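For reference, the chains in residue letters:
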Amino acid sequence: MDAQQITSVLLLVPELEDWTPGSYSVERLGGLTNLVFKLSRNDESYIVRIPGEGTEAYIDRSVESHNAQVAADIEVSAEVLYSDPASGVMVSRFLEGAQTMSPLAFKEVSGAVGRAGHSLALLHNSGQEFLFRFELFAMIDEYLKVLSGLDVTLPEGYSEVVEEAQNIRNILASKKNLPLAPCHCDPLSENFLDDGDKMWIVDWEYSGMNDPLWDLGDLSVEAEFSEEQDRELLVAYWGEEPPAEILGRMVIYKAMCDLLWTLWGLIQHGNNNPAEDFWAYSIERFERCKALMSSSDFAGHLRAVDEGRLYD
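Small disclaimer: the values here were computed from a predicted structure and weren't measured.

Enquirer: In this structure, what is going on with the overall build of the protein? I would like to understand it.
Expert: When helices and strands are tallied, the protein shows 11 helices and 10 strands. The C-alpha atoms of the protein give a radius of gyration of 21 Å, which matches the 20 Å a tight globule of 312 residues would have. For the protein, the residues scored as buried account for 50% of the 312 residues in total. Within the protein, counting contacts between residues at least 6 apart in sequence, those at least 24 apart form 71% of the total. Carbon and sulfur atoms form 50% of the exposed surface of the protein, whose accessible area is close to 15100 Å². Charge centroids of the protein, computed over 22 positive and 54 negative side chains, lie 4 Å from each other.

So this is what it looks like as structure tokens:
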């Protein structure tokens, strides 16, 4: 069935019309929700991505198709040869020699963190427009509403953290001119590919217009960055030591990222989702969020954002 699917996709791509069955090799790559294949012939390789069944219920493929093409045009992502906004099928050029990143790789590969910062800056400062608007607090509101209807034991300190999140929301809302930029919005380590000279970013399923500091804070959390790595990321991104407000926004989003996925995990737990231990997942996220928000530095970061004049 996979071979038939691949053949039918290649017929839609003029550049690959002579890639007939048997003329190329096929390698199945990782992917939790989609079918992803690497096709190779001689010195050319391409990626064929076939969406997983049911993903259309929560991923807008027309948004992804547009945003992936924009990212490719500004050269932070792989060239897109074919993208069907109706089916979600996508064919892109394989990035030869690029290493898929992980928290460990970000620690061990010299300059990788800085290259990630440069690529995020290129994306955010491109002046391009993505479709879709990522609404952090609207998502938190929705998760809180769903969670209120479930019989779930809430972790200790939950109410205090949610209350403080509302304070953070008010402070950010008071900054009337906070920038919006094209953002990845789901910057897992594995969505970064490093060729040693440049960090490429892939997988635009959740991308949209957002406060660009979200991408930095979320990457820091998902890649388990140390304080030193956070500084390396920010200096590469900003071009110099960033203002206190910039660091503050990044740190705030580190906390809000963990809160968002805590709530999501508690909902999965309350719905008895058997995919994994969502209680343990939620507690790990929540404890990290709570520890950051109760740290001695967090209030200072929040104050720097509240008092900042950079975008006033």
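Enquirer: Mind showing me how you'd approach the packing of helix α6 (residues 158-174) against helix α11 (residues 298-307) here?
Expert: Geometry of a packed helix pair, given as the angle between the helix axes and the separation of the axes. Running from N to C, α6 and α11 point in directions that differ by 25 degrees, and their axes come no closer than 9 Å. As far as their axial angle goes, α11 and α6 are roughly parallel. Contact residues: E164, N167, I168, I171, L172 and S174 in α6; F298, L302, V305 and D306 in α11. Across the contact of α6 with α11, the residue classes break down as six nonpolar, two polar and two charged.

Enquirer: Quick question: what am I supposed to make of the pairing of strand β4 (residues 80-83) here?
Expert: A regular strand carries its side chains on alternate faces of the sheet. In terms of strand pairing, β4 meets strand β5 (residues 90-93) through three bridges, oriented antiparallel. Its bridge partner being in β5, S83 is matched across the sheet by M90. Between the antiparallel neighbours β4 and β5 lie six residues, among them G88 with a positive phi of about 85 degrees.

Enquirer: How should I be thinking about the pattern of salt bridges in this particular structure?
Expert: A side chain of one charge can pair with a side chain of the opposite charge when the charged atoms of the two come close. Taken as a whole and judged by the stated rule, the model has 16 salt bridges. Where E241 meets R231, a salt bridge forms, and the shortest distance between an N and an O atom there is 2.3 Å. Linking E241 in the loop between α8 (227-238) and α9 (244-270) with R231 in helix α8, this pair joins segments that are 10 residues apart in sequence. Several salt bridges converge on common partners, so that one network encompasses R49, R61, E64 and E205.

Enquirer: Can you walk me through the environment of L213 in this structure?
Expert: The topology assignment puts L213 in helix α7 (residues 213-222). Residues L213 and H301, spaced 88 residues apart in sequence, show a C-alpha to C-alpha distance of 13 Å. If sequence neighbours within four positions are ignored, L213 has contacts with L234, I246, R249, M250 and Y253.

Rules used throughout
- Residues numbered from 1 in each chain as written.
- Predicted model: local features only at pLDDT ≥ 70, side-chain atom pairs only at ≥ 80, totals over all residues.
- Heavy atoms only, no water.
- Helix = DSSP H or I, 4+ residues; strand = E, 2+ residues; numbered from the N terminus.
- Rg over C-alpha atoms; globule rule 2.2 N^0.38 Å.
- Buried < 20%, exposed > 50% of the residue type's maximum accessible area, 1.4 Å probe, protein only.
- Contact = heavy atoms within 4.5 Å.
- Areas by Shrake-Rupley, 256 points an atom, 1.4 Å probe, with all protein chains shown as cover.
- Lys, Arg positive; Asp, Glu negative; His and termini not counted.
- Charge placed at Lys NZ, Arg CZ, Asp CG, Glu CD.
- Axes fitted to C-alpha atoms, helices over the stretch in contact; angles between N-to-C directions.
- Parallel < 35°, antiparallel > 145°, perpendicular 65-115°, else oblique.
- Nonpolar A, V, L, I, M, F, W, Y, C, P; charged D, E, K, R; others polar.
- Pairing = 2+ DSSP bridges.
- Salt bridge = Lys/Arg side-chain N within 4 Å of Asp/Glu carboxyl O.

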